[in-house]
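# Summary of the model geometry
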Amino acid sequence: MLTIFSVACNSGSEDPDYSNFNHIVKKGSFEIYLPKYLKPDKKINPKATLAYADSANNTIFMVIRDQIPNTEKDNITIQLENYFNFAQLAIFNTLEDPKESKRENIFINLNEAITAKIEGKYGDQKIYYCLTVVETENYFYQLIGWTLFKLKDTNGAEIYDAALSFAELD
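What this report covers is the structure whose coordinates are included nearby. Bear in mind that the values here come from a model prediction, so they are computed numbers and not experimental data. (Residues numbered from 1 in each chain as written. Predicted model: local features only at pLDDT ≥ 70, side-chain atom pairs only at ≥ 80, totals over all residues. Heavy atoms only, no water.)

## Brief notes about the sheet that holds strand β1 (residues 21-26)
- Strands sit in the order β1-β2-β10 across an open sheet of three strands; the sheet is antiparallel. Where the open sheet ends on each side, the last strands, each with one partner, are β1 and β10 (167-168).
- The sheet contact formed by strand β2 (residues 30-35) and β10 spans two bridges and is antiparallel. For F30, the partnering residue across the bridge sits in β10 and is E168.
- Seen against the sheet, helix α2 (residues 152-164) touches β1 and β2 and runs at an angle of roughly 165° to β2. (Pairing = 2+ DSSP bridges. Helix = DSSP H or I, 4+ residues; strand = E, 2+ residues; numbered from the N terminus. Contact = heavy atoms within 4.5 Å. Axes fitted to C-alpha atoms, helices over the stretch in contact; angles between N-to-C directions.)

## Section: the pattern of salt bridges
- Tallied over the full model, the rule gives five salt bridges.
- Here R103 makes a salt bridge to E81, at a shortest N to O gap of 2.5 Å. In this pair, R103 sits in strand β6 (residues 96-108) while E81 sits in helix α1 (residues 80-92), placing the two residues 22 residues apart along the sequence.
- D97 is the partner of K99 in a salt bridge, and the nearest nitrogen-oxygen pair spans 2.7 Å.
- Because the salt bridges share partners, they merge into one network encompassing E81, E100 and R103. (Salt bridge = Lys/Arg side-chain N within 4 Å of Asp/Glu carboxyl O.)

Below you can see the structure in the form of C-alpha cells.
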C-alpha cells in the first residue's frame, strides 16, 4: 500500500494556484489545469490523448492513456511501479545522460500515482522532465511535461502543478 507524501515538490506551496491556468476537459476521460501559455499541438505525439506546447519556450505537456489489460485469468497483475518504470525508460531512451532526481509515491485526486523529476541532454540542450503516472480503475495515465532545464523553477514547477490537478471523469 502506498502512503501519502508531500505533493508540492516544485512549487513550494501546499495548494497550487491555478488562476493563471486554463481548465481543460477531455469529455468522457479527464480534466486538468494547464498553464495558459500552452496551446494545443496534435503533432507532438500521435499516441497522446492531450498534447499542448509553448514552442517559443520549448515547454510541452501531454497525457497518454493506456487501458489496464485484464490479465487476472493469467495471474498477472501490472503494478503501478512497473508501468512507471516502462514510461520512464521511454524518456531515458531519448536523453543523453538521463538522471532521476526525485521520485515520490503520492495520491492525485484519490488515485495512486508516482511522480519523478528527470533531467538529461537532448542534442545540445539540457532538458527537465516531470513524469507522473496515475493509476485509475481501468487506465494508467502518463502525464509528461518537459522544458529547458533553465526554466525548471518556473515552467517546470507549473507542469508539475498541472499534473497535480489531473482528475479522471466518471
